[in-house]
Amino acid sequence: MLDKASLLLGVLEAGPASLARLVSATGLKRPTVHRLVLALERLRLLARDAQGRFILGPRLGLMALEACRDHLATTAEPVLGELRDVTGASARLYRRRGYMRICVAEAAVAGNPVAQDRVPVGAALPMNAGPVSQVLLAWERPEDLYEGLRGAQFTAATLSGVRRQGWAQSVGGREHGIAAVAAPVRGPGGRVVAALSISGPIGRMSNTPGRVYGSAVIDAAVRLGSGFQR
């Protein structure tokens with residue numbers, strides 16, 4: 001039964017799926033899939049999106065957060081807080097886990113009224129959109145990079161630009177009315193181990209947030225990575 005549940009979770013790593021899609025992708029019988037998804041939903045390992053499709057549940061994000069607690073996440077608070085104060089935007093740190101990006105630390109702007117800009121620690125989001133996803137993919141090995149581009153809302157050319165300028169940005173995008181900038185946090189050997197981002201209303205961040213805030217985010221990411229210990 002655990003093997004069958006693992007198959008379902010593996011399909012959902014790529015994004016939302018209907019019951020029919022889960023049956024087709026796993027080769028399991030429909031009653032078996034139906035019984036398993038209901039059980040996983042009760043355990044909060046699965047949830048449903050606005051269209052009623054199955055998605056990975058909030059408990060998985062919290063479990064991933066516990067699994068990746070390390071020196072980087074636990075020492076990020078002062079860097080995130082300073083970045084928030086300097087930019088006036090919410091600052092967050094993300095780690096990649098498979099096809100998901102997990103928010104592992106944050107310093108949110110107090111009293112932020114913009115619902116779209118609320119990403120709690122432990123939230124698991126897909127890797128198919130946004131500057132954080134671009135940063136976490138841009139420096140991957142070619143085979144992993146192109147695998148990550150399947151179904152993504154950005155292209156290989158976009159990632160080439162991210163590598164060239166050292167940051168990624170979005171204006172609107174997945175979160176309507178929100179602008180964001182992200183930069184890579186590097187660990188031993190220069191490997192990208194996390195993404196540092198800031199986000200806030202477009203009216204505050206401007207329509208070119210990367211040009212305005214890119215240097216500040218890169219500097220904070222470098223300082224964070226300099227103290228990283230695996």
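About the thresholds
Residues numbered from 1 in each chain as written. Predicted model: local features only at pLDDT ≥ 70, side-chain atom pairs only at ≥ 80, totals over all residues. Heavy atoms only, no water. Domains from an automatic or database assignment. Core = buried A, V, L, I, M, F, W, Y, C linked by side-chain atoms within 4.5 Å. Buried < 20%, exposed > 50% of the residue type's maximum accessible area, 1.4 Å probe, protein only. Axes fitted to C-alpha atoms, helices over the stretch in contact; angles between N-to-C directions. Helix = DSSP H or I, 4+ residues; strand = E, 2+ residues; numbered from the N terminus. Parallel < 35°, antiparallel > 145°, perpendicular 65-115°, else oblique. Left-handed = near helix turned anticlockwise from the far one by under 90°. Contact = heavy atoms within 4.5 Å. Nonpolar A, V, L, I, M, F, W, Y, C, P; charged D, E, K, R; others polar.

### Description of the domain arrangement of the protein
(1) Moving on: Its domain assignment divides the protein into domain 1 (1-66) and domain 2 (70-228).
(2) Moving on: Each of domain 1 and domain 2 has a C-alpha centre, and the two are 27 Å apart.

### Re the nonpolar core
(1) Moving on: Counting 46 residues, the largest nonpolar core has Leu22, Val33, Val37, Leu80, Leu93, Val185 and Ile198 as the members making the most contacts within it.
(2) Moving on: Formed jointly, this core draws a minimum of three residues from each of two domains, domain 1 (1-66) and domain 2 (70-228).
(3) Moving on: Among the nonpolar cores identified, the runner-up in size contains 20 residues, and Tyr94, Leu136, Ala138 and Val162 belong to it.

### Points about the packing of helix 6 (residues 77-87) against helix 11 (residues 209-226)
(1) Moving on: Taken N-terminus to C-terminus, the directions of helix 6 and helix 11 make an angle of 165 degrees; their axes are 10 Å apart at the nearest point. Considered as vectors, helix 6 and helix 11 are oriented roughly antiparallel to each other. Classified by chirality, the crossing of helix 11 by helix 6 is right-handed. For the pair helix 6 and helix 11, contact is made by Val79, Glu82, Leu83 and Thr87 and by Tyr213, Ala216, Val217, Ala220, Arg223 and Leu224, respectively.
(2) Moving on: Looking at the contact of helix 6 with helix 11 residue by residue, the class counts come to 7 nonpolar, 1 polar and 2 charged.

### Description of unusual backbone geometry
(1) Moving on: If you check the backbone angles, Arg44 has positive phi at about 65 degrees while not being a glycine.
(2) Moving on: Along the polypeptide, Arg44 turns up in the loop between helix 3 (30-42) and strand 1 (46-48).
(3) Moving on: Residue Arg44 is classed as partly exposed on the basis of its relative accessible area, which comes to 43%.

### What to know about the packing of helix 2 (residues 19-26) against helix 3
(1) Moving on: One can describe the packing of helix 2 onto helix 3 by two numbers: an axis separation of 10 Å at closest approach and a directional angle of 120 degrees. By the angle class used here, helix 2 and helix 3 are oblique. Of the two elements, helix 2 crosses helix 3, and the hand of that crossing is right-handed. Counting all contacts with helix 2, which are made through Leu19, Ala20, Leu22, Val23 and Thr26, the residues of helix 3 involved are Arg30, Val33, His34 and Val37.

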